[in-house]
Amino acid sequence: MKLLVTGGAGYVGSVVTAQLLEAGHEVIVLDDLSTGHADAVPAGARLVHGTLRERAAEVLADGGEGSFDAVLHFAAKSLVGESVQKPWLYWDGNLGESLALLDAMRETGTSRIVFSSTAATYGEPEETPIVETAPTRPTNPYGMSKLAIDTALAEYARLFGFGAVSLRYFNVAGARLVEGGEAQGERHAVETHLIPNVLKVARGEKESVSVFGEDYPTPDGTCLRDYIHVVDLGVAHLLALDACAPSTHQIFNLGSGSGYSVREVIDMCREVTGHPIPAEVGPRRPGDPAVLVASSEKIRTGLGWKPERDLRAMVTDAWTFVQGR
C-alpha cells in the first residue's frame, strides 16, 4: 500500500514508519519538524517538510486521485502543561491542522485513516480499567483537542464514507532497536515522560527524580499508570490499518490492563542501569488520579492484538537507545 504518515519524524510515528516499511508498504512522511527529527525518519521513507495545511493536499494529490491507500496521523502538539497555558496552539495545531488533513483526504479520494488519539480524552475516570464506553471528560485543552478530532472522524465516516480508527494510548515507552541498523526512540526537547526522566538521572543529566506523592490508595502509595512498549503500539497500528471499514469510526484503547507504580518504574530503572537513581518525594500534583489503567479487551478480541513486552523490556530498550546517542 501507498501510505502517508503525518508526524513520522516523531517518536511513535518514526517507529510505525519503520514497521510499515518492513511490512512492504510505500511510505511518505509529512512532518514540520517542530518537534520531530529528520534523521529519525527511517531510510526508505520519503520525507516532505511542512505543515498539514501547507502540504497535505499537495502530497495526497501526487500521483492522482486515490493514489494513497491510507493515512496514519501522528502529527500533534502533546504537552499538557503548554496546552493549559496556550490553548490556542492546541486548537489550531491539533484540531485545525487535522481538519485540513481530512479535507485534503476527501478532495483526493483517500478515505482510510488511523489516528493517534489519547487516554487524555477520558480525563479522570470513575472506574478502572478504562473501557472505550467510559465518559469522555478531558481536563485540559490537549485532551479536548484530541477528542474533537475523534468527533470529526466520526462525522467524516458518517458523511463521506471514511473508514477511521482512533487508537487511545496511555503511557508509551521503550525504543525500536535493530541490530546493526537504525533505531528509533524518545528525543523530546521538553521531556515529560517518567522513564526517560528517570534514565536522565542514570546518565548524570539530573541529580534525582521527583516522585509526586506517596500517599495514594495503591500498593506502594505512588500513582499507578499503564505502560506499553512502542513496538507493541506499532503493531496495533498495522492491525488498525487493515481494520478501517468504510463509513465506520472505531475506537480502541491500547494498554496492558494492569499497570506499574512510579516506584516500580524507578526500581526497574535501577536494576537495568545499575545506578542508584536517587528519588525525592514531594507533594501530590493537582489532578493526578491514583490509578490510570486501560482495558484492551476490545482490541484483543476484535483485532487479535495484545502487548508482548513488559516493563523490563521497555526500560532496557530505552536505556540502550539513549546510551547509543
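Bear in mind that the values here come from a model prediction, so they are computed numbers and not experimental data.

What counts, and at which threshold
Residues numbered from 1 in each chain as written. Predicted model: local features only at pLDDT ≥ 70, side-chain atom pairs only at ≥ 80, totals over all residues. Heavy atoms only, no water. Pairing = 2+ DSSP bridges. Helix = DSSP H or I, 4+ residues; strand = E, 2+ residues; numbered from the N terminus. Axes fitted to C-alpha atoms, helices over the stretch in contact; angles between N-to-C directions. Buried < 20%, exposed > 50% of the residue type's maximum accessible area, 1.4 Å probe, protein only. Right-handed = clockwise from strand over helix to strand, strands pointing away. Expected span 1.5 Å × (residues − 1). Contact = heavy atoms within 4.5 Å. Phe/Tyr/Trp six-rings, centres within 6.5 Å; stacked < 30°, edge-to-face > 60°. Lys NZ or Arg CZ within 6 Å of the ring centre and 35° of its normal. Salt bridge = Lys/Arg side-chain N within 4 Å of Asp/Glu carboxyl O. Core = buried A, V, L, I, M, F, W, Y, C linked by side-chain atoms within 4.5 Å. Polar contact = N/O pair within 3.5 Å; in protein donor to acceptor, adjacent residues only side chain to side chain.

(A) Geometry of the sheet that holds strand β4 (residues 70–73). With parallel pairing, the seven strands of this open sheet are ordered in space as β3-β2-β1-β4-β5-β6-β11. A strand with exactly one partner marks an edge of an open sheet, and here the two such strands are β3 (46–49) and β11 (248–254). Neighbour-to-neighbour, the strand axes of this sheet turn through a mean angle of 20°, independent of strand direction. Bridge analysis of strand β1 (residues 2–6) against β4 gives four bridges, and the strand direction is parallel. Paired with Leu-4 across the two strands is Val-71, which belongs to β4.

(B) Molecular detail of the pairing of strand β2 (residues 26–31). Counting buried residues in β2 gives five out of six residues, a clear majority hidden from the surface. Direction of pairing for β1 relative to β2: parallel, over a ladder of five bridges. Bridge assignment links Leu-3 to a residue of β2, and that residue is Val-27. Taken together, β1, helix α1 (residues 11–22) and β2 constitute a β-α-β crossover, and its handedness is right-handed.

(C) Here's a closer look at helix α10 (residues 311–323). The end-to-end C-alpha distance of α10, which contains 13 residues, comes to 18 Å, matching closely the 18 Å that a straight helix rising 1.5 Å per residue would cover. Every buried residue of α10 is accounted for by Leu-311, Met-314, Val-315, Asp-317, Ala-318, Trp-319, Phe-321 and Val-322. Of the surrounding elements, those touching the buried residues of α10 are β7 (171–173), α6 (194–202), β10 (227–229), β12 (260–261) and α8 (262–273).

(D) Here's a closer look at the packing of aromatic side chains. On inspection of all chains with the given rule, the structure shows four aromatic pairs. With a centroid separation of 6.5 Å and 85° between ring planes, the pair formed by Tyr-90 and Tyr-142 is classed as edge-to-face. With Tyr-90 in helix α4 (residues 87–108) and Tyr-142 in helix α5 (residues 141–160), the pair connects residues that are 52 residues apart, well separated along the chain. In this structure, Tyr-90 and Tyr-142 share a single accessibility class: buried. Measuring from centroid to centroid gives 5.1 Å for Tyr-156 and Phe-160, while their planes differ by 55°, and the two rings are tilted. You can see Tyr-156 and its partner Phe-160 sitting in helix α5, four residues apart, about one turn around the helix. Here a set of aromatic residues connected by ring pairs shows up, and it is made of Tyr-156, Phe-160 and Phe-162. The ring of Tyr-216 is capped by Arg-284, whose NZ or CZ atom sits 4.0 Å from the centre of that ring.

(E) Structural detail: the side chain of Glu-97. Note that Glu-97 resides in helix α4. In contact with Glu-97, other than residues within four places in its own chain, are Thr-51, Leu-52, Arg-53 and Asp-92.

(F) The arrangement of the sheet that holds strand β9 (residues 224–225) in detail. Spatial ordering of the open sheet is given by β12-β9-β14, a layout of three strands whose pairing is mixed. Pairing within the sheet leaves two strands with one partner each, and these edge strands are β12 and β14 (291–292). In this sheet, β14 lies alongside β9 in parallel orientation, the contact comprising two bridges. Looking at the pairing, Arg-225 lines up with Leu-292 of β14.

(G) Structural view of the pattern of salt bridges. As enumerated under the stated definition, the model contains 18 salt bridges in all. Of the charged contacts, one joins Arg-263 and Glu-214 as a salt bridge, the two residues approaching to 2.7 Å between their closest N and O atoms. Residue Arg-263 is located in helix α8, and its partner Glu-214 is located in the loop between β8 (209–212) and β9; the two are separated by 49 residues in the primary sequence. Among the salt bridges present, the one from Arg-300 reaches Glu-297, with a minimum N-O distance of 3.9 Å. A residue pair is termed a helical-turn pair when its members lie 3 or 4 positions apart in one helix, as Arg-300 and Glu-297 do in helix α9 (residues 297–303) at three residues. Using a relative accessible area of 44% as the deciding quantity, one classes Glu-297 as partly exposed. Each member of the salt-bridge network shares a partner with another, and the members are Arg-53, Asp-92 and Glu-97.

(H) Highlighting the nonpolar core. In terms of nonpolar packing, the biggest core is built from 32 residues, with Val-12, Leu-20, Leu-72, Leu-167, Tyr-169, Val-172 and Leu-254 touching the most fellow members. Listing elements by their share of this core, those giving two or more residues are β1, α1, β2, β4, β6 (163–169), α7 (230–243) and β11. A total of six residues in this core trace back to one element, the largest contributor, which is α7. When sequence neighbours within four positions are dropped, the list of residues in contact with Val-172 reads Tyr-11, Val-12, Glu-186, His-193, Ile-228, Val-230 and Leu-233. In this structure, Leu-194, Val-201, Ile-266 and Val-322 belong to the second largest nonpolar core, which totals 27 residues.

(I) A look at the side chain of Asn-94. By the secondary structure assignment, Asn-94 is in helix α4. Side chain to side chain, Asn-94 and Ser-145 meet in a polar contact 3.1 Å long. Ignoring any residue separated from it by four or fewer positions in sequence, one finds Asn-94 in contact with Ala-76, Lys-77, Leu-89, Tyr-142, Ser-145 and Ile-149.

(J) Layout of unusual backbone geometry. Cis geometry is found at the peptide bond from Thr-128 to Pro-129, where omega equals -5°. Along the chain, the position of Pro-129 falls in the loop between β5 (112–118) and α5. Of note, the phi angle at Leu-33 is positive, near 60°, even though the residue is not glycine. By the secondary structure assignment, Leu-33 is in the loop between β2 and β3. With relative accessibility at 28%, the residue Leu-33 sits in the partly exposed group. One non-glycine residue, Ser-247, lies in the positive phi region at around 60°. Here Ser-247 is to be found in the loop between α7 and β11.

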